[in-house]
Amino acid sequence: MINYLIRRLLYAIPILVGVNLLTFALFFVVNTPDNMARIHLGIKHVTPDAIAKWKHERGYDKPLMWNATAAGAQKAADTIFFEKSVRMFAFDFGRSDEGRNISYDIQTRMWPSLAIALPVFAIGLLVNITFAMLMAFFRATYIDFAGVVLCVAMMSISGLFYIIGGQYLISKLLHLTPISGFDGGLNAFKFVVLPVTIGVIGGIGAGSRWYRTIFLEEATRDYVRTARAKGLSELAVLFGHVLKNAMIPILTGAVVVIPLLFMGSLISESFFGIPGLGSYTIDAINAQDFAIVRAMVFLGSVLYIVGLILTDISYTLVDPRIRLE
Amino acid sequence: MMPFKLVLLWTDGLLWLLLALVGLYVWRVRRHEHLLQPWRRLSRSRSGVASAVILLAFVAVGVLDSLHFRLPLEKQAGGVVRHYSPEVLSVFDLLVGPLRKQPEKTYSAPFATQLYAKETIELPGGRQLRDYPRLKYGGAHLADPAGEQAGDIAATALEGGAWALVAGWGATLALVLWLARRRRISPGAAWSLVRHGRDEIPWRTFLGTVGMLILFACLAAAFSAKYHIFGTDKVGQDVFYLTLKSIRTGLMIGTLTTLVMLPFALLLGIMAGYFRGWVDDVIQYVYTTLNSIPGVLLIAAAVLILQVYMDSNQELFDTVAARADIRLLFLCIILGITSWTGLCRLLRGETLKLGEMEFVQAATAFGVGHFRIIARHILPNVMHIVLISIVLDFSGLVLAEAVLSYVGVGVDPTMQSWGNMINGARLEMAREPMVWWSLAAAFVFMFVLVLSANLFSDRVRDAFDPRMK
């Protein structure tokens, strides 16, 4: 198991190098620092001096990958590539184009993100599996059919409408929760309820339908017929046998997103004014702050790879036949 | 000299290419019974037929909206060179003429006869009055809106309904005659086949859906001549017109993305599965790397960079439409880059499996070349996966457009799209009293399109996936 994990971590390195090179190419080669400076300083009437100053303040005036004027190891180290891209491997994200410390921002902003994303994930999983189980229990009846129709209809509605509709109904008409905002400590609860509820409801359609197909596929297997022949009740069959055996496909879809929960949700955070990483990213995109976008791309890839490794580990927990070697 | 100047935008060209490919596919399917079989299965399902009819209606609007041209300016400067208006129009714009040409001053509610905001009106005697002014076009034919409007709406609805009835019966008659000719039976027999639903194809569902579309079209046409049925937006444009124009954007995102990514996914997926070894390793490395970057962020990064490029090279685009079009195309490409990995992985798996099959092994033993084996034996056997994933991806892409436009990395802000409508509606919802109609219009049209796409893709999967039988 340890050997396997070490190997997986080693495999992750070339992938992260690839991500790093790709973002480096996108942000510094396709799109030169001169262009960035021009966007920030206004398209027209920019003096070359202003551009040079902007670049110097942010360290974008160094050579791209190879500094021929420097001495020794500095030839490779005193470059944009080393300063801005290689350092990310040590999770040193540097400063944003506005001069803020990105690592500090990430540390303070990930908690509000988690306060929304974690409940949405956990409650959503529970609700979706419950609905899917109900549909599987009533399979091939009108209840099942109505459930599927409802799921397809719900997944045909854009997530934006759930948020707008929910804000309007719960906050504006019924005045149950604040429309948007966030607060620390226990006060956070009243701000979190609405985004979480909407997040869960918005995911029901696609989620329950997906789990229903998994359960139905399992429900036609031989061991299910055997269990019924033994005289087990339908509920015992569903929870004791079908759910257990459906764990592998469920985990495949669910575990990989757990680390990504840190990143928060772009849309709902910006709608509800939550100072998390999702709204941080959106603000960076709108302000064209390339340093933050670059840092978030790298962080997202790291978390995705962690998620893949966690998925493999979770397999061994639910299925003793799987050994990681 | 031509009275107008044809404009072929990049996405138009790709759409025609796509239609040509579809045509080629249809021609091939019609000549091969085994390819026809799944489509027959599909045509027997009621939800499949109904959703296909609705999707075709959307496609028709999108295609009509892709025939672009520029009209000459009315005032020509003397000289040989004709000057054309910078505004790019489409055939669809001509068909719905009044919708486009009847702007109000600002917001007005659906079926309203007055503006949504109070204004100072000059009375004939020189006095001034704060009131809701009458609209320039909406309900302008009524002398006393409060008293006459209900009656006028009823009369217009009846008129539209009557047209729909005529057109509906016309469609039924055409179907019966076509069926009679095709099956070589008498029209009477064909009629009873359709009426009692005894044919294997659910004609009653077909006619019901067509009838509803006709009814909607007739009512919309009858009312649009006199009112703004979905109201007007901030600058007084008809919201119904905007949402109809958004159809093209949604369809383009949903289909061109797949068209752009398909060659890569097919080539790389099959190569990885067929050649294995280091080829497989390299391809797997590429798609794991791309996959590990969160999709929205990669799209955001790429679109930001495109924006920078377009801002620094503004002289490349002669019209606003051309500029918006390049951005749409680029969005399709970048969405394609982030979404080809799923299909590529599926194709790799299927090709790995096919490589072990006896017919492929036999072909290899006979010394058939790699290219021929892939073209003759592998490709036809993975086409069902390609088809299913094209249809399955469509609805997700249409929804993604809305989200991306909201984030600010979607289509150009000047382009009509549901995402831009929803984005604008956010501020309108905060107004008091609330402006809800552009949101409602975007919701209804998007919901109908995505719902029918979802239903259709379910039926396609049932019909084509061999495991589903």
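Residues numbered from 1 in each chain as written. Chains lettered and ligands numbered in written order. Predicted model: local features only at pLDDT ≥ 70, side-chain atom pairs only at ≥ 80, totals over all residues. Heavy atoms only, no water.

S.K.: Teacher, can you tell me more about the overall build of chain B here?
M.R.: Along the backbone of chain B there are 16 helices and 5 strands. If one aligns the C-alpha atoms of chain B with their principal axes, the spans along those axes are about 100 × 70 × 55 Å. For chain B, with 469 residues in total, the buried portion stands at 48%. Here the analysis covers contacts within chain B between residues at least 6 apart in sequence; of these, 70% occur between residues at least 24 apart. With an accessible surface of roughly 23,600 Å², chain B has 66% of that area assigned to carbon and sulfur atoms. (Helix = DSSP H or I, 4+ residues; strand = E, 2+ residues; numbered from the N terminus. Buried < 20%, exposed > 50% of the residue type's maximum accessible area, 1.4 Å probe, protein only. Contact = heavy atoms within 4.5 Å. Areas by Shrake-Rupley, 256 points an atom, 1.4 Å probe, with all protein chains shown as cover.)

S.K.: Before we go on, may I ask you to explain the environment of Gln288 of chain A in this structure?
M.R.: Within the secondary structure layout, Gln288 of chain A lies in the loop between helix H14 (277–286) and helix H15 (290–318). In the structure, Gln288 of chain A is positioned 249 residues away from Ile39 of chain A in sequence and 8.3 Å away in space, judged by C-alpha atoms. Residues contacting Gln288 of chain A, with those up to four places away along its chain left out, are Ile39, His40 and Asp97 of chain A together with Leu304 and Gln307 of chain B.

S.K.: I'm lost on helix H11 (residues 234–245) of chain A in this one. Help?
M.R.: Structural remark: α-helix, 3.6 residues per turn; residues separated by three or four positions point the same way. Residues and elements named next belong to chain A. For H11, with 12 residues, the first-to-last C-alpha span of 15 Å sits near the 16 Å given by 1.5 Å per residue. Within H11 the residues assigned to the buried category are Val237, Leu238, Val242 and Leu243. Within H11, the buried residues cover an arc of 145 degrees as seen down the axis, which keeps them to one side. (Expected span 1.5 Å × (residues − 1). Arc of directions from axis to C-beta.)

S.K.: Help me understand the pattern of salt bridges in this model?
M.R.: A pair can form between side chains of opposite charge whenever their charged atoms are brought close. Scanning all chains against the criterion turns up 21 salt bridges over all chains. Notably, a salt bridge pairs Asp458 of chain B with Arg209 of chain A, separated by 2.7 Å at the nearest N-O pair. Of this pair, Asp458 of chain B sits in helix H16 (residues 437–464) while Arg209 of chain A sits in helix H9 (residues 188–219), placing the two residues on different chains. According to the relative accessible area criterion, Asp458 of chain B is buried, its value standing at 9%. A salt bridge links Asp12 of chain B to Arg248 of chain B; its shortest N-O distance comes to 2.6 Å. Within this pair, whereas Asp12 of chain B is found in helix H1 (residues 10–31), its partner Arg248 of chain B is found in helix H9 (residues 239–275), the two being separated by 236 residues in sequence. (Salt bridge = Lys/Arg side-chain N within 4 Å of Asp/Glu carboxyl O.)

S.K.: Got a minute to help me understand the pairing of strand S5 (residues 128–131) of chain B in this structure?
M.R.: Every other side chain in a regular strand lies on the same face of the sheet, so the side chains alternate between the two faces. Residues and elements named next belong to chain B. Across 4 bridges, the pairing between strand S4 (residues 119–122) and S5 is antiparallel. Opposite Ile121, over in S5, you have Leu129 as the bridge partner. Counted between consecutive antiparallel strands, the loop separating S4 from S5 contains 5 residues, among which Gly126 sits at a positive phi close to 95 degrees. (Pairing = 2+ DSSP bridges.)

S.K.: Would you take a moment to explain the interface of chain A and chain B for this structure?
M.R.: Reports often express the size of an interface as the amount of accessible area lost when the parts come together. Each side of the interface is counted separately: chain A has 43 residues, and chain B has 45 residues. Regarding the contact of chain A and chain B, the summed buried area is about 3,800 Å², with carbon and sulfur atoms giving 77% of it. When residues of chain A are sorted by the area they lose upon contact with chain B, Ser156, Phe161 and Ile285 of chain A head the list and together hold 15% of the total. The interface formed by chain A and chain B includes 1 salt bridge. (Buried area = accessible area lost by both parts, 1.4 Å probe.)

S.K.: Just to check I follow, could you spell out the packing of helix H6 (residues 145–183) of chain B against helix H7 (residues 187–195) of chain B for this structure?
M.R.: Describing two packed helices takes the angle between their axes plus the distance from one axis to the other. Residues and elements named next belong to chain B. Two elements in contact, H6 and H7, have axes separated by 8 Å at closest approach and are oriented at 115 degrees. The chirality of how H6 crosses H7 is right-handed. For the pair H6 and H7, contact is made by Trp169, Thr172, Leu175, Val176, Leu177, Leu179, Ala180 and Arg183 and by Pro187, Ala190, Trp191, Leu193 and Val194, respectively. Partitioning the contact of H6 with H7 into residue classes produces 11 nonpolar, 1 polar and 1 charged. (Axes fitted to C-alpha atoms, helices over the stretch in contact; angles between N-to-C directions. Left-handed = near helix turned anticlockwise from the far one by under 90°. Nonpolar A, V, L, I, M, F, W, Y, C, P; charged D, E, K, R; others polar.)

Distances and angles like these do not, on their own, reveal function.
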